[in-house]
There are 2 protein chains.
Amino acid sequence: MQKVVGTGATEGAPVIAVIGGGQLARMMQEAAIALGIELRCLVEAPDGSAAQAIPASTVGQADDAEAVSRLSGGEVTTVEHEHVPAEILDSVGARPSAAALRFAQNKIVMRSELDAPMPSWRVARTRAEIDAAIDELGGVAVAKAATGGYDGKGVAVVHPGEDIPFWQPGQEILLEEKIDFDMELAALIARRPGGQIEAWPVVRTVQRDGICFEVTAPAPISEELDDRAREIARSIAEQTGVVGVLAVEMFLAGDRLLINELAMRPHNSGHWTIDGAATSQFEQHLRAVADYPLGPTDPIFPASVMVNLLGSSLADPREALGRVWEADPGVKVHMYGKEVRPGRKIGHVTVCGDDVEELRARAHRAIEILEGKK
Amino acid sequence: MQKVVGTGATEGAPVIAVIGGGQLARMMQEAAIALGIELRCLVEAPDGSAAQAIPASTVGQADDAEAVSRLSGGEVTTVEHEHVPAEILDSVGARPSAAALRFAQNKIVMRSELDAPMPSWRVARTRAEIDAAIDELGGVAVAKAATGGYDGKGVAVVHPGEDIPFWQPGQEILLEEKIDFDMELAALIARRPGGQIEAWPVVRTVQRDGICFEVTAPAPISEELDDRAREIARSIAEQTGVVGVLAVEMFLAGDRLLINELAMRPHNSGHWTIDGAATSQFEQHLRAVADYPLGPTDPIFPASVMVNLLGSSLADPREALGRVWEADPGVKVHMYGKEVRPGRKIGHVTVCGDDVEELRARAHRAIEILEGKK
């Protein structure tokens, strides 16, 4: 009996290389298997989330030009995170391109070069500039590292004189108006190289400690607002020339929509589409980067609620799978094969149906069981 | 950069070993990735359909006791085909068990030991017995090899004196009444070790050259017939003690339902459940064999139509993916990563919606494109 080693697909299979090997690449593989697309991914460690699911995985870092070049091998190449240097993206003709991805990599670029509704913002380099900016922005501001922030890291609410742990004098930092929002929304769309765009319904997102925690699709907003949010996302897709999935996180304050963050890849706010939409964001991302016609984005159910599993008191929350389904056999469970660490995203559940409040209660109960609280 | 070799999941992951590495194991993997279950499968060749999707694949034959024992390693073990000897199934405590699987392995056992509505049948061993049986069955009969038949192989319509290519004198052969049926149906259910059973709606199947070609879910039959067919399947599940998915193929003749074949694993007649039901047969099979509570089996859409891709004139039908979606972006495509051979099952498409005739037309058009006919 012989181990099978990174077996490739039969000759002629479409191949897509993915830089990054976390849960997003893992969920792309569910779609790729169905479509007969061979995914290759670059994982940081041999037991990474995607390596468990993708035979053609190689270990390497996203900033290692040679590793990325070998992974790509001239095939369509995409990313599952933003932390890839521009020259490496360019060298493999990545989709999205370096020129597009810089809007998601650098928050100052995003604020200063996009034509889209934004909160007020300033760039500062010195302590004096920071405090002046905070004053101008109303005595309190949201400080954001220009690059490298993720899941609440590199973001802090600051008053004049207060320490900003991720800032060092001389470094450019973004200071934004602290928006007293009524709701956070996300508009998810996909774009093909030739410009075809498809948009899912806009969703409501709820954060916990800066990490996406709960998503309700569609968002409880008017059709006019849904249209307006999709239109903003479409305009950003066209301005940036993104190829693949684009998520635009927004604040809703009164009737104002203001851009918060961008992501150019499948996004946590779109996980509900696996179970709740005609085409999942993972299939759509593959279709977009491989330049296939995009799929329909209609929701299959009146409502879907997704809740993330952020850490657990269980050694492995998969111990609790049986208990989740004893309580509620209709919960769709998604586990990422990641070790438990406090607050770490290690899975999510989705519940689809009619009544949003009932779906929320069901999804949170399932998450409490996986967290070891029930 | 280092190749990742059959990386296992993190410690504590539920593990399921699958004997067999065709498209059924491949589609189980789509469900397993989502649930965080580590699948291990035994493939016949390193480029097998499932080996492309399952990092923990090993090459070996299903009748190699040592290969199966190493694959299993004491974990829950299931099958994706019936061609596994009883003593090997017993040695790893397979689900379904050898005692259950013999009803699907041996058509004479199925006919003689099950209490269920059957066509008339005879067993013969000599040419004289065969011809006498054909006479008794009305001058024509369906001859079936007791074991090893598959996708129309080992089945022939025979008149007295006619050759039966898969029979040799002395060998037991089954001869069945040729049913002049109005429709072929399949009832798909899943059963857990403790006896919990869930049934999907009964579907209509259409065969081409003895191979399942088109499935319509639900079948265009009365609720009374649907109930009766599900009840027959439930009774067979209980009589056999099957664990996992059970497919019962039936003839509908007038108002009579007659058992044709059994399969104890996910089945072609249930592929529509991936896109069209609250729980797919692949997730349900994993839940059943791992003894988790079963999921709901409700259809998500009023109707789903699945059509198989049986061979293609294209070197690789995946060349045509773009053209399929240009014609109809809503078609759900499933490719098995198998090389093209005439009549070979290499993929399927599913279309879900309201109007069965429209769905059939859309599914067949997509298949014609993948066949290279359009």
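Attention here is on the structure that accompanies the text.

With that out of the way, let us pick up the overall build of chain A. Across its full length, chain A carries eleven helices and 18 strands. Against the compact-globule benchmark of 21 Å for 374 residues, chain A has a radius of gyration of 21 Å, which places it among compact chains. Oriented by its inertia axes, the alpha-carbon framework of chain A measures out at about 70 × 50 × 40 Å. Expressed as a percentage of its 374 residues, the buried residues of chain A come to 61%. Looking at chain A alone, contacts between residues at least 24 apart form 63% of all its contacts between residues at least 6 apart.

In this section: the interface of chain A and chain B. Facing the 61 residues of chain A at the interface are 62 residues of chain B. Interface area, chain A with chain B, both sides summed: about 5,200 Å², of which 61% is carbon and sulfur. Remark: the boundary between chain A and chain B carries two salt bridges. For A:K332, the salt bridge is made with B:E283, and the minimal N-O distance between the two is 3.4 Å. At the boundary of chain A and chain B, one finds twelve residue pairs in polar contact (both at pLDDT 80 or more). Broken down by secondary-structure element, the contributors of at least two residues to the side of chain A that touches chain B are β1 (2-3), α1 (23-35), β3 (38-43), β4 (57-59), α2 (65-72), α9 (281-289), α10 (321-327) and β17 (332-335) of chain A.

Here we come to the pattern of salt bridges. Scanning all chains against the criterion turns up 55 salt bridges over all chains. Residue B:D291 pairs with B:R192 through a salt bridge whose shortest N-O separation is 2.9 Å. Pair noted here: B:D291 is in the loop between α9 (281-289) and β16 (303-310) and B:R192 is in the loop between β10 (183-191) and β11 (197-199), with a separation of 99 residues, a long-range link. What makes B:D291 partly exposed here is its relative accessible area of 33%. Shared partners join several salt bridges into a network, and the residues in it are A:K107, A:R111, A:K144, A:E176 and A:E261.

Before going further, it helps to spend a moment on the sheet that holds strand β7 (residues 141-145) of chain A. Residue and element names in this part refer to chain A. The antiparallel open sheet is built from four strands, whose spatial order is β6-β9-β7-β8. If you trace the sheet from one side to the other, it starts and ends with β6 (121-124) and β8 (155-158), each paired once. Averaged over all neighbouring strand pairs, the angle between strand axes comes to 25 degrees, with direction disregarded. Packing against the sheet, helix α6 (residues 127-136) makes contact with β6, β7, β8 and β9 (173-177), and its axis sits at approximately 170 degrees to β6.

This part is about the side chain of B:Q105. Residues and elements named next belong to chain B. Mapped onto the elements, Q105 comes out in helix α4 (residues 98-105). According to the relative accessible area criterion, Q105 is buried, its value standing at 18%. Only 2.9 Å separates the side chain of Q105 from the backbone oxygen of E82, close enough to count as a polar contact. Polar contacts involving the side chain of Q105 include one to the main-chain carbonyl oxygen of V84, which spans 2.7 Å. Those residues within four positions of Q105 in sequence are excluded, and the remaining contacts are E82, V84, L89, A146, T147 and G148.

Cut-off values and rules
- Residues numbered from 1 in each chain as written.
- Chains lettered and ligands numbered in written order.
- Predicted model: local features only at pLDDT ≥ 70, side-chain atom pairs only at ≥ 80, totals over all residues.
- Heavy atoms only, no water.
- Helix = DSSP H or I, 4+ residues; strand = E, 2+ residues; numbered from the N terminus.
- Rg over C-alpha atoms; globule rule 2.2 N^0.38 Å.
- Buried < 20%, exposed > 50% of the residue type's maximum accessible area, 1.4 Å probe, protein only.
- Contact = heavy atoms within 4.5 Å.
- Buried area = accessible area lost by both parts, 1.4 Å probe.
- Salt bridge = Lys/Arg side-chain N within 4 Å of Asp/Glu carboxyl O.
- Polar contact = N/O pair within 3.5 Å; in protein donor to acceptor, adjacent residues only side chain to side chain.
- Pairing = 2+ DSSP bridges.
- Axes fitted to C-alpha atoms, helices over the stretch in contact; angles between N-to-C directions.

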